Amino acid sequence: MAVSVNINGQDYNLDVPADTPLLWAIRDNLQLTGTKFGCGLAQCGACTVHMAGQPIRSCVTPISAIVGQQITTIEGIESKAADLIQAAWEKLEVPQCGYCQSGQIMAASALLANNASPSDADIDAAMSGNICRCATYVRIRQAIKDAATALNEVA
Ligand code: FES
Ligand code: FES
């Protein structure tokens, strides 16, 4: 069946079954490969994208559930918070192997867009579902804090 979706501000008609995971459509149909497959079970966060600005797990979201919604992937994030998150990631050299990092950045940028001054508990709550096998957690937390500081300076 044809499913109409909006990804990164562009409309697409995808000829896929309604229960196709959004992650499959993003990677295989649209070749947006920045979003990663980790567990396929909503357990690792590697596949995180935004739906209406909120982080969701694209591996367990059927494409039929996003009709009429705005989906943003790592290739399409554009906001002050996202820019500052990515700048802090670069400055602190957060990634190690990099595999989990687009999911981490999607979760962190959604956090900052919703809460410009997150506490440690806020950061833990927002990021606890994003697993990093290279254990870059200390740098992730610092990068979020640095980005929050920068965000409040420009506000
Ligand atoms: S691949 Fe979706 S949460 Fe792990
Ligand atoms: S940087 Fe390697 S899994 Fe996170």
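What counts, and where the lines are drawn
- Residues numbered from 1 in each chain as written.
- Chains lettered and ligands numbered in written order.
- Predicted model: local features only at pLDDT ≥ 70, side-chain atom pairs only at ≥ 80, totals over all residues.
- Heavy atoms only, no water.
- Domains from an automatic or database assignment.
- Contact = heavy atoms within 4.5 Å.
- Buried area = accessible area lost by both parts, 1.4 Å probe.
- Salt bridge = Lys/Arg side-chain N within 4 Å of Asp/Glu carboxyl O.
- Polar contact = N/O pair within 3.5 Å; in protein donor to acceptor, adjacent residues only side chain to side chain.
- Nonpolar A, V, L, I, M, F, W, Y, C, P; charged D, E, K, R; others polar.
- Helix = DSSP H or I, 4+ residues; strand = E, 2+ residues; numbered from the N terminus.
- Buried < 20%, exposed > 50% of the residue type's maximum accessible area, 1.4 Å probe, protein only.
- Axes fitted to C-alpha atoms, helices over the stretch in contact; angles between N-to-C directions.
- Parallel < 35°, antiparallel > 145°, perpendicular 65-115°, else oblique.
- Left-handed = near helix turned anticlockwise from the far one by under 90°.
- Pairing = 2+ DSSP bridges.

## Remarks on the domain arrangement of the protein chain
For the protein chain, the assigned domains read domain 1 (2-72) and domain 2 (80-154). Domain 1 and domain 2 are separated by 22 Å when their C-alpha centres are compared. Tallying the contact residues gives 16 residues for domain 1 and 11 residues for domain 2. Summed over both partners, the interface of domain 1 with domain 2 buries about 970 Å², with 49% contributed by carbon and sulfur atoms. Remark: the boundary between domain 1 and domain 2 carries zero salt bridges. In this structure, the connection of domain 1 to domain 2 is made through seven residue pairs in polar contact (both at pLDDT 80 or more). In the side of domain 1 that touches domain 2, the residues fall into five nonpolar, nine polar and two charged.

## Re the side chain of S58
Locating S58 in the fold gives a position in the loop between β4 (54-57) and β5 (70-72). Judged by relative accessible area, S58 falls into the buried class, the value being 0%. Setting aside anything within four residues of it in sequence, one finds S58 in contact with P21, L22, L23, I26, T35, C47 and V49.

## Looking at the packing of helix α2 (residues 80-91) against helix α3 (residues 101-114)
The geometry of α2 relative to α3 is characterised by a closest axis approach of 9 Å and an angle of 135° between their N-to-C directions. Relative to α3, α2 is oriented oblique. Of the two elements, α2 crosses α3, and the hand of that crossing is right-handed. Taking contact as the criterion, the partners of A81, A82, I85, Q86 and W89 in α2 are, on α3, Q101, Q104, I105, A108, S109, L112 and A113.

## Considering the sheet that holds strand β3 (residues 48-51)
Pairing in this open sheet of five strands is mixed, and the strands run β2-β1-β5-β3-β4 from one edge to the other. A single partner strand is all that each edge strand has here, and the edge strands are β2 (10-15) and β4. Here the average twist between neighbouring strands, direction ignored, is 40°. Bridge analysis of β3 against β4 gives four bridges, and the strand direction is antiparallel. The residue of β4 that forms the bridge with M51 is Q54. Against the sheet, α3 contacts β3, β4 and β5, and its axis sits at roughly 35° relative to β3.

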